[in-house]
Each structure stands twice: as structure tokens, then as C-alpha cells.
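Coordinate inspection notes
Chain by chain, the residues run as shown.
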Amino acid sequence: MDPFINDLIVYWPQLLAGLERTLILMVIVSLTGLAGGVCVFYLTLVKSSILHKWTEAYISFFIGTPLLVHLFLMYYGLPQLGIRLSALTVAVIGFTLNVSAYNARYLATAYNGLDKEELEAARAQGFKHSETFRLIILPQVMRLSVPSLTNQVIQNLKDTSVAFLIQYHDLFAQIQEIASSNFHFFKAYMTAALVYLALVSIVVLAARRFERFISLPGFETH
Amino acid sequence: MALIQVRNLVKKFDGRDVLKGVSIDLYKGQAKVLMGTSGCGKSTLLRCLNLLVQPTSGQVIFKGEDITLPGVDVRKVRGEIGFVFQHFALYRHLTVEENVTLGLRKIKKIKSREASEKASYELNRVGMFEHRNKYPAQLSGGQKQRAAIVRALAMDPDVLFLDEPTSALDPQMSREVVTVINRLFLDNITMFCVTHDAFLAKYISDSIVFMDDGVIVAEDIAERLFYESADPRIKQFFMSVADHR
Ligand SMILES: Nc1ncnc2c1ncn2[C@@H]1O[C@H](COP(=O)(O)OP(=O)(O)O)[C@@H](O)[C@H]1O
Ligand SMILES: [Mg+2]
């Protein structure tokens, strides 16, 4: 048997554990990033101009700076201020801040395309601002941004691989470890690529089904 | 006492006077049409009356209460005024029935079952029952506007405002909608309707108010205003409207 395959079998439990951590991180940050994105998007609609500016600044900052910098800042920088966080905690916080900014931008873009007369109609009917947001704005912008939002989930899955740089033992970290013990770098990273490809394919299929599930006449996204 | 009394209403946008002291009365059971050239302030007037736009000065007395004063429950006032828009403004992610029931359930706190029974009844009256499960994207313009009228009426408003309800429709669909509004008129629904459509104006109004550049120039029944007015602004307006038909 190919010695590399043999190694894969030997390291199987470790690989599975890595895969599990990759999926955990992806699922958590996809959910927190969606929730965060909705909150940030809500703030972009608030009339107060100060809050508005801060929200815009937040979005620009996190879209405009590398995720890895935030992760390093929290994982290696904060301990110098006496704050020590686990790798998972840092990854979840860092990713959430970053993904929320992207998702908020997608939702805000979709909002710009909404028919504002509908929102005026809601106001004229006597809906509160928060009700209009929940009942009219959100269901529409979410549907319109489904392609961007699901793309972001795929992006999250791939991005989890940078978490190994802050000692998070995800799938990529485990493969890295196998490679550095047996020196089969090419085969190891090819394996990693194929596993990510398989995972992404599953997410894509799920996303398609979801898109069809929530699609309505007038809200077809492709 | 009038249902709505407007006294000396002024609205400025960025220092520019759009309404220059408008006074008008609308009684219960009365249907008034508001006409005037584009940009003269008709939509602004309607929007001031349900506080979608805050008036700069003057009074709007709705059911005896000056609603321009601070401390007024704005949403309650809006809930008692139905509003129909030029471009229908149906909620696009909801079916026709859901468009009608949303306000009933969330604002009037009516139970889903009752709300949908009420919606069915009202939709049936305008020939929209069979379309109740369609989304706005699946409807013609005339159907959308009929649904929008039902959405407003189902809330049992004290008065119905219509802002150019037929302007976005071709003549055929426009007729469908005029028929519906005419029935409301015959049912003595209190209405205040902005339109450029002389045909609509004639068939749905007790009287017509003519506005020019932020002031009310005349108010009279259709025949006298259309055919006997000596005011050059009114003559010119009706000539230009007639050209379109
Ligand atoms: N929100 C607004 N801000 C600034 N100007 C406005 C606003 N709404 C309306 N206007 C101006 O007020 C004038 C009257 O508008 P409108 O009431 O819509 O006229 P009409 O409905 O009679 O065509 C127009 O010149 C328009 O540009
Ligand atoms: Mg107008």
C-alpha cells in the first residue's frame, strides 16, 4: 500500500477531529455572521447620523483589513494586555466581526434595490419601524441576497483554514502535521484540496436547494 | 363637524414653499378629488394629512384632534386612514391575501382565521378572490391596484386616500380600477383622491378641488369646474388633460 495512504489510515482519528473542528467553526461563524450581519444592516438604516457613520466605519474597517490581522491581534496581541482567549474563541470573534461586515454590505446593497413606496405603504398602514424591518424589509433583502449570503458560507468554510495559524487544530492543521512528519507535502495538500472541494460541493448543493425553497415569484435569483 | 379640517397648512422643503396655506374640509361620507398640475403639491398635501410628511405649520384636525401637535399617536392616526399609491406598493414577498391580512393581524390584532375570512370577503367584492394566493409579480397592474385598495379598505379606515390610483395603468386596466372606486363612491366611503384622470374624477367625486402651486384655487362639482370655469389655470389644465385621452 502507498505509505501515504497508510499514514492517512493511521492518522484517521486525528483527521476526523480536525474535520469536526473545521465544520464547527464554519457552522458557528456562518450563524453568528448572519445574525451579526442582520444587526449591522439594521443599524445602517437608523436615522441617527452618528450611529450611521460608526456603522459605515465598522463595515469599511472589517472589509478593508485582512482577517488574519484581526486573528493575530487577538491571539498574540491581547495576551500582552493580560487578556488570554482560546483559539476557538478568537476565531469565532474574529470571523464573526469580519463576516458580519460582509453580510451587512450584501443586505444593504439589496435594500437599495427595494421599492421604497412599499416601505412608505407600511408606514402609512401604521407599522412601527421595527415591524417594517422584520415583516417587510428583512424577508425581501434576505431573499434577494441569498446568492451572496451562501457564497459567504463557502468563503467561511475555506477561510477556516487560516485558523491553524492561531493554533486552532482544524482539518488543515492536522494535514499540515501529517505532512511535516512524513514529508509527503504534495499528496498531503492535494488531499486537503480534495476534502475542501468535497465540502464546498455539499454546501453548494445545500445552498441551491435552500434558494429554491425560499424563492418566490418576483424573487428569482437566477 | 368635518372628519378632516385642514387649516392654513404650510409645508416647506429646504426653505421652498410647496404648500402655501391650504385649507380644506372633508366630511364623513364625502368623496373629494384633488386635481392640479404635476408638482403643485398634491402628494405632499395627502402625505401631510397622515403625517408621512410633517407639516411646517398650520393645523390638521382629524376627528376633532389637531394631529400636528406633539404627543399625538401618529400610528393610530395612520391606521385610521387608508392609503392607495400610484404604483400599488404591494408587499412583493406576500401573496394577495397576506398583503391584506398583514395589517389586520399585526396592527389590528385580529386572529389569523378571522383576518383571512375578512380578506376573502373583501377580495371577492372586487373580483380578486381567485387571485388571493398569487404574488404581486403574477398580477396585472389593474389586479395589483384592486388588491391594494382591498388592503387599505380591510382595515376599516375612516377615510381612504388615493394618490393617482390609475396613472400607472393602461386604459383597459384603468377602467377596472375606476369601476371599483366608483362602487366605493356609491357606498359613501369617505375618499380623498388625487388624479389627472378627468373620467375618474367625474365618476367618483362629490366635488373637485383644484390646486395650483401650493394653493387651492377652486372647489366645485365636476361639470362646473370642467366646463364653466373662467380661471385660465383651470382651463389650461383641463385642455392638457383632455389632450392625453
Ligand atoms: N421629500 C421631499 N423633499 C424635497 N422636495 C420635495 C419632497 N417631496 C416633494 N417635494 C417637492 O415638492 C413639490 C410638490 O411635489 P408633489 O407633492 O409630489 O407634487 P404633485 O403630487 O402635485 O405632483 C415638487 O416640486 C417636489 O419636487
Ligand atoms: Mg404626486
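That block above? That's the structure.
Residues numbered from 1 in each chain as written. Chains lettered and ligands numbered in written order. Predicted model: local features only at pLDDT ≥ 70, side-chain atom pairs only at ≥ 80, totals over all residues. Heavy atoms only, no water.

1. Considerations on the interface of chain A and chain B
Contacts between the two partners involve 24 residues from chain A, matched on the other side by 26 residues from chain B. Carbon and sulfur atoms make up 57% of the surface buried where chain A meets chain B, a total of about 2,300 Å² over both sides. Linking chain A with chain B are 2 salt bridges. The partner of Arg92(B) in a salt bridge is Glu118(A), with the nearest N and O atoms 3.1 Å apart. In this structure, the connection of chain A to chain B is made through 8 residue pairs in polar contact (both at pLDDT 80 or more). Contributing elements (two or more residues each) for the side of chain A that touches chain B: helix H6 (116–125) and helix H7 (129–144) of chain A. (Contact = heavy atoms within 4.5 Å. Buried area = accessible area lost by both parts, 1.4 Å probe. Salt bridge = Lys/Arg side-chain N within 4 Å of Asp/Glu carboxyl O. Polar contact = N/O pair within 3.5 Å; in protein donor to acceptor, adjacent residues only side chain to side chain. Helix = DSSP H or I, 4+ residues; strand = E, 2+ residues; numbered from the N terminus.)

2. Some details on the site of ligand 1
Residue and element names in this part refer to chain B. Around ligand 1, a shell composed of Phe13, Arg16, Val18, Thr37, Ser38, Gly39, Cys40, Gly41, Lys42, Ser43 and Thr44 is seen. Separating an oxygen atom of ligand 1 from a side-chain N or O atom of Ser43 is a distance of 2.7 Å. Of all elements in the fold, only strand E2 (16–26) and helix H1 (42–49) reach the threshold of two or more residues within the shell around ligand 1. With 3 residues, H1 is the largest single contributor of residues to the shell around ligand 1. Taken together, the residues of the shell around ligand 1 break down into 3 nonpolar, 6 polar and 2 charged. (Near = heavy atom within 4 Å. Nonpolar A, V, L, I, M, F, W, Y, C, P; charged D, E, K, R; others polar.)

3. Focus: the pairing of strand E6 (residues 81–84) of chain B
Residue and element names in this part refer to chain B. Burial of E6 is two-sided: the residues Ile81 and Phe83 facing one way and the residues Gly82 and Val84 facing the other way are all buried. Relative to strand E7 (residues 159–163), E6 runs parallel, the two being bridged by 4 bridges. By the bridge assignment for E7, Val84 is matched with Leu162. (Buried < 20%, exposed > 50% of the residue type's maximum accessible area, 1.4 Å probe, protein only. Pairing = 2+ DSSP bridges.)

4. What to know about the packing of aromatic side chains
Two aromatic rings, taken as a pair, are described by how far apart their centres are and by the angle between their planes. Using the criterion set out here, one finds 20 aromatic pairs over all chains in the structure. Ring centres of Phe61(A) and Phe62(A) lie 5.0 Å apart, and the angle between their planes is 85°; on these two criteria the pair is classed as edge-to-face. Judged by its relative accessible area of 43%, Phe61(A) is partly exposed. Measuring from centroid to centroid gives 6.1 Å for Phe226(B) and Tyr227(B), while their planes differ by 80°, and the two rings are edge-to-face. Since its relative accessible area comes to 60%, Tyr227(B) is described here as exposed. Among the aromatic residues, those joined into a ring-pair cluster are Phe164(A), Phe172(A), Phe183(A), Phe185(A) and Tyr189(A). When the ring centre of Phe129(B) is taken as origin, the NZ or CZ atom of Arg132(B), which lies over that ring, is 4.0 Å away. (Phe/Tyr/Trp six-rings, centres within 6.5 Å; stacked < 30°, edge-to-face > 60°. Lys NZ or Arg CZ within 6 Å of the ring centre and 35° of its normal.)

5. What to know about the environment of Ala35(A)
Residues and elements named next belong to chain A. By the element assignment, Ala35 lies in helix H2 (residues 12–44). Its relative accessible area of 43% is what places Ala35 among the partly exposed residues. As for Ala35 and Gln140, which are separated by 105 residues in sequence, their C-alpha atoms are 16 Å apart.

6. Description of the sheet that holds strand E4 (residues 57–62) of chain B
All names here are of chain B. Strands sit in the order E2-E1-E4-E5 across an open sheet of 4 strands; the sheet is antiparallel. Sheet topology places E2 and strand E5 (65–66) at the edges, where each strand pairs with a single neighbour. Relative to E5, E4 runs antiparallel, the two being bridged by 2 bridges. Bridge pairing in E5 links Ile61 to Asp66.

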